[in-house]
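# Overview (structure and organization)
Below, each chain spelled out in residue letters.
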Amino acid sequence: IGPEVPVALFLERSVEAVVALVGVLAAGGAYVPLDPTYPSEWVSWVLKDSRAPVVVTTSSLAGRLPADTPTLLLEEVAESPTTFDRTAGPDHPAYLIYTSGSTGRPKGVVVRHGSLMNLTRALRETVYRDEAGPLRVAVNASFAFDGSVKQIVQLAWGHCLHILPQDVRLDPDAMVETVRRQRLDVLDCTPSQLRPLLQAGLGERDAAPAMVLVGGEAVDAELRDLALTRTRTRFWNLYGPTECTVDTVAAPFAVGTPPSCIGLPLSNVRVYVADSPEDLAPLGVPGELQVGGAGLARGYLGRPDLTAERFIPDSFGGGAGERLYRTGDLVRWLPNGSLDFLGRLDDQVKIRGFRIELGEIEAVLAALPEVREALVVTREDTPGLRRLVAYVVGEAATETLRQALRERLPEHMVPAAFVTLPQLPLTPNGKVDRKALPPPEPERAEESWLAPRTPVEEVLAAIWAELLGLERVGAADSFFDLGGHSLLATRVMSRLRSAFGVEMPLRDLFEAPLLADLAARVEVALRAGTGHLTPSLLPLSPEPRQGPLPLSFAQQRLWFIDQLEPGSPLYNMPVTLRVEGPLDPAALASCLGEIVRRHEALRTVFTTLDDSPVQTVRPAALFVLPVVDLSGLPEGEREARALALAAEEAALPFDLTRGPLLRGVLLRLAGDDHIAALTMHHIASDGWSMGILVRETSALYAAFSEGRPSPLPELPLQYADFSAWQRSWLHGAILESEITFWRRQLAGLPPRLELPTDRPRPAMQSFRGALRPVRLPADLTRQVQVVSRREGATLFMGLLAALQSLLARYSGQQDLAVGSPVAGRNRLEIEGLIGFFVNTLVLRGDLTGEPSFHTLLGRVRETALAAHMHQDVPFEKLVEELAPERSLAQTPLFQVLFVLQNVPVQSLEARDLRLRPVRGTGITSKFDLTLNLREFDGELIGMVEHATDLFDT
């Protein structure tokens, strides 16, 4: 170690790393910090460019270095003496910080020992002027970021350094708690980090450091004003490029001063506002900030051309040989003598405190074989969410580009979004028209988008959407691929903590970046807090088919109803489609036959064995689709006759002992006009299954009509496997603990919701019903979403709270229940199966004490989440165990059902055919009222289904 000898430090943030760094400085050497999180290509370049003869590292990190790198293990250094060369002077290098470079390679800034010593003196004379005694200083910045320098050198002042662990510095709540517990006096951070810290309580009560030093990027008015409410802490805005040794000017936060005010120069620093190379700008006139004095770096290592370009002779009053650094920042003088920061003169940007040359990212992109042109810009399409966006002309897929950049650039330089264009838009004079660049769209294929399936996924999706500025987020989306980064990750975990009341480490989001995977971890944490089993962790595998298999709980209830009332059509599930185009009936029949072959539930029969119901899967057989030709009827009679026949088909009973459980009839109105009336029994199907039926029919028809084989992969599991799995764990003590929850949840629930009716309730339900359309316009729908997200709730929860409020006003009851179905498909293995998975939850509404809507929504959220955590008890089993007062006049436990459909809407197209649903006749209503809604084009549309025995339309 000695003058002009760079020592590379490849170390995690630790006490040992700080000791090594200070040891190099004290010996008069120069250290080169290497961030272990950076890609190997970046690390290789820095090692080659700096010519560091040795890398100080640890045995756990050494394997990440390029092969044949000379290393000195920190564990070994501690055991051997070191000889220091103490002949270093103020002009010798103290450290090399590598920053983004416009040529596609990072550039090394050589900072002098003398500049570093001037920084320590200048800060003591300004920012620390009123602070006495040894202080507790947080070491918060990355060692590869020059903000760490002014934190570490405070050891020389006798202050105590507190090195914040990585998981703490990325978690606002943990950071605030550390400030409180360690009684920290000084915290240095970027504005991006300060905002969530203030929201987490920094500066309040005993979590108020004496000083917070803010730098690295511009401060906005909202952040300044929020900080000024914390009167126990003094906030400083510090500005300075790496080339000027961390900080150049400083300004305290103050009322009446623009947040862009960066203040006055530090000691021995000269600043000028130049509107040309030879002229200074007058007061209030914008110009380039140029900096001279003791803080100037030596220049760029091995880059004399770039050094000469940016470090120019001082023509404004400096002595002979003095230089100025051209910052490229646009500033102006304020009347009070302070500098006001206005922006950049070039395409250099600062994102989350990191200085980035956009040209470097563009150069890396342009070097990729499938990219013809590349342009990178910063966008702020959502207020407060500033991010990098890459525009690419070429054929490369987004994920390919993202992965290629991750292998070559640090994480903060990888664009959050990629937009592929046929060509870059140009102005009439041939330059790129940046104003014409389109905003990035969410990076997902519509056909592969997976809607959130559980309340936990929905709440998490709402949190991500709000923080990332997206309209919607799906269960299969990745947080980081959607534009998330470390600082946003900390805000996600903070919101998650507030929404669910669980403590989860930040690493969970990095280890499980897919929404569905993170939601599964949240559920594990929720269940761990209640001692509740997590069935999603239990293995679900194929069962042998050597004999009959048990029924699921849901199947068992429908089988029991069928025994009491054989041939009832109440649980038939019809779907009627108008098919326009050149239909091939034989190909359609083959499609339906293939679906019955693929899905065992549709060829399952139900019998008894030892007085218990069992299910047996029958072999696949030829599917017969009768064709009824109505084209000979007068044109005005055809459709009415077809709908009457479709209603007859829908009302035909199923024989559960014989099967099959899918049948249909094709009604020909004309050569290119048909109605397909298909019916499944609920014991083998549900609403989600209907979507699978339509999707698979579309895929199969396109293949079969051209003589091609099925494009659909074989199913790894079948419904009978699910039935056996459910029975294998949901019994005994586990079932009893679940039932105990519901007993507590529903204790004392009134037996009936007393809504005013148009007619007296009959002694027995007839199940006759009618429909009334409902529509909530887009603006109102958006407002409901905003209110719900603000409260950490889902759209479903917001609508349920509104419905419960409405029902309470009509009934006069403050205690009521609404039923709601859940898909029951909380495992990926069963999402593609046709079968009866849906379950019904009883959601109790507590409107006691005249709650505000804010309070009511909080109650609804807690109730819905708790019900979701205990959704595995089938409604049929719940009724059996709770044994409420039974009546033929009403359904047990609740009489109003609320459904918000989030089942993916399937494309109603197949080859040259156009399909559209036809509303059936003979509407039934199993409940007094059912409100059924779904989102469509930003609106909420749906139906109210009502019992005509009770209500007029």
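The structure reproduced in this document is the subject of the present report. (Residues numbered from 1 in each chain as written. Predicted model: local features only at pLDDT ≥ 70, side-chain atom pairs only at ≥ 80, totals over all residues. Heavy atoms only, no water.)

Here we take up the overall build of the protein. Along its length, the protein carries 26 helices and 39 strands. Along the first, second and third principal axes, the C-alpha atoms of the protein reach 105 × 60 × 60 Å. Here the protein holds 953 residues, and the buried ones make up 54% of them. Long-range pairs, those at least 24 residues apart, make up 69% of the contacts in the protein with a sequence separation of at least 6. Accessible surface for the protein amounts to roughly 41600 Å². Of this, 54% is attributable to carbon and sulfur atoms. Between the centroid of the 93 positive side chains of the protein and the centroid of its 118 negative side chains there is a distance of 2 Å. (Helix = DSSP H or I, 4+ residues; strand = E, 2+ residues; numbered from the N terminus. Buried < 20%, exposed > 50% of the residue type's maximum accessible area, 1.4 Å probe, protein only. Contact = heavy atoms within 4.5 Å. Areas by Shrake-Rupley, 256 points an atom, 1.4 Å probe, with all protein chains shown as cover. Lys, Arg positive; Asp, Glu negative; His and termini not counted. Charge placed at Lys NZ, Arg CZ, Asp CG, Glu CD.)

Attention shifts here to the side chain of arginine 112. Considering the arrangement of structural elements, one finds arginine 112 in strand β6 (residues 107-112). At 2.9 Å, the side chain of arginine 112 forms a polar contact with the side chain of serine 115. (Polar contact = N/O pair within 3.5 Å; in protein donor to acceptor, adjacent residues only side chain to side chain.)

Here the focus is the pairing of strand β19 (residues 339-344). Bridging between strand β13 (residues 261-265) and β19 involves two bridges; their strand directions are antiparallel. Note on β19: the bridge partner recorded for glycine 263 is leucine 339. Sheet topology note: the strand β18 (residues 323-333)/β19 ladder contains five bridges and is antiparallel. Opposite leucine 330, over in β19, you have glycine 343 as the bridge partner. (Pairing = 2+ DSSP bridges.)

Our focus in this paragraph is the side chain of asparagine 140. Within the fold, asparagine 140 resides in the loop between β7 (136-139) and α5 (147-152). According to the relative accessible area criterion, asparagine 140 is buried, its value standing at 2%. Engagement of the side chain of asparagine 140 in a polar contact is seen with the side chain of glutamine 193, the distance being 2.7 Å. Sequence-distant contacts of asparagine 140, that is, excluding residues within four places in its chain, are made with Arg13, Gln151, Leu164, Arg169, Met175, Leu187, Asp188, Cys189 and Gln193.

Here the focus is the packing of helix α17 (residues 553-564) against helix α21 (residues 719-729). Taken N-terminus to C-terminus, the directions of α17 and α21 make an angle of 100°; their axes are 9 Å apart at the nearest point. With respect to each other, α17 and α21 are oriented roughly perpendicular. Judged by residue contacts, Phe553, Gln555 and Gln556 of α17 engage Tyr719, Ser723, Gln726 and Arg727 from α21. Within the contact of α17 with α21, the residues separate by chemical class into two nonpolar, four polar and one charged. (Axes fitted to C-alpha atoms, helices over the stretch in contact; angles between N-to-C directions. Parallel < 35°, antiparallel > 145°, perpendicular 65-115°, else oblique. Nonpolar A, V, L, I, M, F, W, Y, C, P; charged D, E, K, R; others polar.)

Moving on to the pattern of salt bridges. Counted by the stated rule, this structure contains 44 salt bridges. The partner of aspartate 206 in a salt bridge is arginine 180, and the shortest N-O contact between them spans 4.0 Å. Of the two residues, aspartate 206 sits in the loop between α8 (191-199) and β10 (211-215) while arginine 180 sits in helix α7 (residues 172-182), which places them 26 residues apart along the sequence. A relative accessible area of 31% means that arginine 180 is categorised as partly exposed. (Salt bridge = Lys/Arg side-chain N within 4 Å of Asp/Glu carboxyl O.)

Moving on to the packing of helix α18 (residues 585-598) against helix α20 (residues 687-704). For the pair α18 and α20, interaxial distance at closest approach is 9 Å and the crossing angle is 125°. Relative to α20, the element α18 is oriented oblique. Relative to α20, the crossing made by α18 is right-handed. In this structure, α18 uses Ala587, Leu588, Ser590, Cys591, Leu592, Glu594, Ile595 and Arg598 to contact α20, whose residues at the interface are Leu693, Glu696, Thr697, Leu700, Tyr701 and Phe704. Each residue belonging to the contact of α18 with α20 can be placed in one class, and the counts come to nine nonpolar, two polar and three charged. (Left-handed = near helix turned anticlockwise from the far one by under 90°.)

Another aspect to go through is the packing of aromatic side chains. Counted according to the given criterion, the structure contains 18 aromatic pairs. Here the guanidinium or amino end of lysine 926 rests over the ring plane of tyrosine 571, the centre of that ring lying 5.4 Å away. (Phe/Tyr/Trp six-rings, centres within 6.5 Å; stacked < 30°, edge-to-face > 60°. Lys NZ or Arg CZ within 6 Å of the ring centre and 35° of its normal.)

Moving on, we come to unusual backbone geometry. Cis geometry marks the peptide bond from glycine 659 to proline 660, where omega comes out at -10°. Its location among the elements puts proline 660 in the loop between α19 (635-651) and β30 (662-670). We note that arginine 183 has phi near 55°; this positive angle belongs to a residue other than glycine. The residue arginine 183 is located in the loop between α7 and β9 (186-189) in this model.

Here we come to the nonpolar core. Counting residues in hydrophobic clusters, the biggest one holds 144 residues, and the most contacted among them are Trp464, Phe500 and Phe898. Beyond its immediate sequence surroundings of up to four residues, tryptophan 464 is in contact with Gly469, Val473, Asp477, Ser478, Phe479, Leu482, Val492, Leu509, Pro513, Leu514, Leu515 and Leu518. Of all hydrophobic cores here, the second largest spans 58 residues; its members include Val109, Val137, Val271 and Tyr325. (Core = buried A, V, L, I, M, F, W, Y, C linked by side-chain atoms within 4.5 Å.)

Once that is clear, we can look at the state of the cysteines. Overall, the coordinates contain zero disulfides when judged by the stated rule. Looking at cysteine 189, it has no disulfide partner, and the nearest cysteine sulfur is the one in cysteine 261, 18 Å off. Owing to a relative accessible area of 4%, cysteine 189 belongs among the buried residues under this scheme. You can see cysteine 244 has no disulfide; the closest cysteine sulfur is in cysteine 261, sitting 18 Å from it. (Disulfide = S-S within 2.5 Å.)

Between the first and last C-alpha of helix α22 (residues 732-746) there are 21 Å, a value that for 15 residues agrees with the 21 Å anticipated at 1.5 Å per step. Among the residues of α22, Leu735, Glu738, Ile739, Phe741, Trp742 and Leu746 are the ones counted as buried. Projected down its long axis, α22 carries its buried residues within an arc of 150°, all on one side. Away from the buried face of α22 by more than 90 degrees, exposed residues Ala733 and Arg744 are located. Downstream of α22 by one or two residues, glycine 748 has phi in the positive range, about 75°. (Expected span 1.5 Å × (residues − 1). Arc of directions from axis to C-beta.)

A separate point is α19. Over its 17 residues, α19 runs 26 Å from end to end, which matches the ideal 24 Å to within 8%, given 1.5 Å per residue. Of the positions making up α19, those classed as buried are Arg638, Ala642, Leu645, Ala646, Glu649 and Ala650. Considered in projection along α19, the buried side chains sweep an arc of 140° and stay on one side of the axis. When the buried face of α19 is taken as reference, the exposed residues oriented beyond 90 degrees from it are Gly636 and Ala640. Where α19 is buried, its residues touch β26 (572-580), β29 (627-629), β30 and β31 (673-681).

This paragraph deals with the sheet that holds strand β28 (residues 612-617). With antiparallel pairing, the three strands of this open sheet are ordered in space as β25-β28-β27. If you trace the sheet from one side to the other, it starts and ends with β25 (549-550) and β27 (604-609), each paired once. Two elements, β25 and β28, share two bridges in a ladder whose sense is antiparallel. Following the sheet pairing, proline 550 is matched in β28 by valine 614.

On to the environment of serine 723, then. With respect to the helices, strands and loops of the structure, serine 723 is situated in helix α21. In this structure the C-alpha to C-alpha distance between serine 723 and serine 552, which are 171 residues apart in sequence, comes to 4.4 Å. When sequence neighbours within four positions are dropped, the list of residues in contact with serine 723 reads Pro550, Leu551, Ser552, Gln555 and Gln615.

The subject of this paragraph is the pairing of β26. Judged by how many residues are buried, β26 sits mostly within the fold: seven of nine residues are covered. With nine bridges connecting them, β26 and β31 associate as antiparallel partners. Pairing of glutamate 580 across the sheet is with aspartate 673, part of β31. Pairing between β26 and strand β37 (residues 913-917): four bridges, direction antiparallel. The residue of β37 that forms the bridge with valine 579 is leucine 915.

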